[in-house]
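Okay, here's what each chain looks like letter by letter:
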Amino acid sequence: MATSSDSEKKQVMVIGIDDSEHSVYAINWTLDHFFAKNPSFKLVLVHARPSATSAVGFAGPVYAGAAEVLPIVDSDLKKIAARVLENAKQICIKNNITDVVVEAVEGDPRNVLCEAVEKYHASVLVVGSHGYGALKRAVLGSVSDYCAHHAHCSVMIVKKPKTKH
Amino acid sequence: MEASGGGDVQVSGGAGERRMKMKVMVAIDESELSFHALKWALDNVLNTMATTATPDENIEGGGGGGMVFLVHIEPVFHHAVYPIGSAGAVYYPPSVVEGSVKKAQQEKSVSIVSRALHMCKDKQIKAQSVILNGDPREMICQAVEQMQVDLLIMGSRGLGKIKRTFLGSVSDYCAHHAKAPILIVKPQEEDHKKK
């Protein structure tokens, strides 16, 4: 019946999530299509939490009140992360998926996701995509792009369709 | 074809039969990578769907259970003009050469597609193939849009950034421009170390 050698062991699928609706869409889409019944993948949800210093760094290199702002930004980010993870867990529960690992890691999303792939020996990495155009992509950077090129496993980019035909 | 592919296991659990049938398209060319992608897709993606395909289920518009679309893009044969000779004389290949090149290309396409169809048949997954002409990038994206596929699967050579700029990358273009979720299957380098 099963031809591949490691069919006993489940393959691991990592889904990278952030605060946006695109992520939620990506999780829902993936669960609907891959985990609907008898899932053959083990699921790992990874949230990359930007570190407080990098978030404040955007405001400008020299910011006098940086020291005061950092703890506030940090707790804010922690709250966001908790909310994202909670949301994700809820979606999993709704889909009757119990074999799931949820993790928030601090750092740049690109690296965090690629490292998560290594750590869990994932065979698929799923990311949403903001659908930025070429210009925004160049300025803001694209995590999905980076992952598609650098992750050592297959990458699935789930896009939220903008218009429904 | 034999009845009910895969296993006899009737999976009735889960959230009440909420399985989504997925229209999957796999882009193939002559490279081994795309066949690797197809194989990966057949093993991992379509086996969850294929077991639900009952023999008497009608295929309405290609959406019914465990169905895969294979798309192969034939590059357009340019009427190449070869400059030869120091005087800049040009050589137009005679039409008989064009004809035979076209024919060879068609034969190659057919063999690629039939090999892919064979792979699908081995796994007892229904497959439908489409051969299109033109620029691979655009044609794949167009096919995705027209057929409203749920997932596009492609292989990727894993070229570095620089090579990618020069040689271009079909998977890259499709990742950005295709209207559907895309799964890029990479060649497995460390297949044995994966535990």
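Everything here concerns the structure above.
Because the structure is predicted, anything quoted here is derived from the model rather than measured. (Residues numbered from 1 in each chain as written. Chains lettered and ligands numbered in written order. Predicted model: local features only at pLDDT ≥ 70, side-chain atom pairs only at ≥ 80, totals over all residues. Heavy atoms only, no water.)

## Description of unusual backbone geometry
Residue and element names in this part refer to chain B. Quick reminder of the rule: Here's how the labels work: a residue is buried when its accessible area is under 20% of the maximum for its type, exposed when over 50%, partly exposed in between, all with a 1.4 Å probe on protein chains only. Helix and strand assignments follow DSSP, with helices taken as H or I runs no shorter than four residues and strands as E runs no shorter than two, numbered in order from the N terminus.
At glutamine 124, a position not held by glycine, the phi torsion is positive, near 60°. On the accessibility criterion, glutamine 124 (27% relative accessible area) is partly exposed. You will see that glutamine 148, though not glycine, has its phi angle at about 50°, which is positive. For glutamine 148, the position within the fold is in the loop between helix H4 (136–147) and strand E6 (151–155).

## Some thoughts on the side chain of Lys186(B)
Short version of the rule: Two N or O atoms count as a polar contact when they lie within 3.5 Å, although within protein this holds only if one can serve as hydrogen donor and the other as acceptor, and sequence-adjacent residues are included solely when both atoms are side-chain atoms. The contact definition used throughout considers only heavy atoms, calling two residues in contact when any of these lie within 4.5 Å.
Looking at the element boundaries, Lys186(B) is found in the segment after strand E7 (182–185). What makes Lys186(B) buried here is its relative accessible area of 9%. Looking at Lys186(B), its side chain comes within polar contact range of the main-chain oxygen of Ala148(A), at 2.8 Å. Look past the residues within four positions of Lys186(B) in its chain and what remains in contact with it is Cys147(A), Ala148(A), His149(A), His150(A), Ala151(A), Cys153(A), Ser154(A), His36(B) and Ser156(B).

## A look at the packing of aromatic side chains
Aromatic ring pairs are described here by two measures, namely the spacing of the ring centres and the angle between the planes. Let me state the cut-off plainly: In this analysis, rings of Phe, Tyr and Trp, with Trp reduced to its six-membered ring, are considered paired at centre separations within 6.5 Å, and the interplanar angle assigns stacked below 30 degrees, edge-to-face beyond 60, and tilted for intermediate values. Lysine NZ or arginine CZ positioned within 6 Å of the ring centre and within 35 degrees of the ring normal marks a charge as sitting over the ring.
Across all of its chains, the model carries one aromatic pair over all chains by this definition. Taking 6.4 Å as the distance between ring centres and 50° as the angle between the ring planes, the aromatic pair formed by Trp29(A) and Phe34(A) counts as tilted. For the pair shown, Trp29(A) and Phe34(A) are each scored as buried. Residue placement shows Arg115(B) over the ring face of Phe35(B); its charged tip is 4.0 Å from the ring centre.

## A few points about the pairing of strand E1 (residues 23–28) of chain B
Consecutive side chains of a regular strand alternate in pointing toward one face of the sheet and then the other. Residue and element names in this part refer to chain B. As a reminder of what qualifies: Strands are treated as partners if at least two bridges between them are detected by DSSP.
With six of six residues buried, E1 lies mostly within the body of the structure. Residues Lys23, Met25 and Ala27 point to one face of E1 and Val24, Val26 and Ile28 to the other, with burial holding for every one of them. Judged from the six bridges that link them, E1 and strand E2 (residues 67–74) form a sheet pairing that is parallel. Its bridge partner lying in E2, valine 26 is registered against leucine 70.

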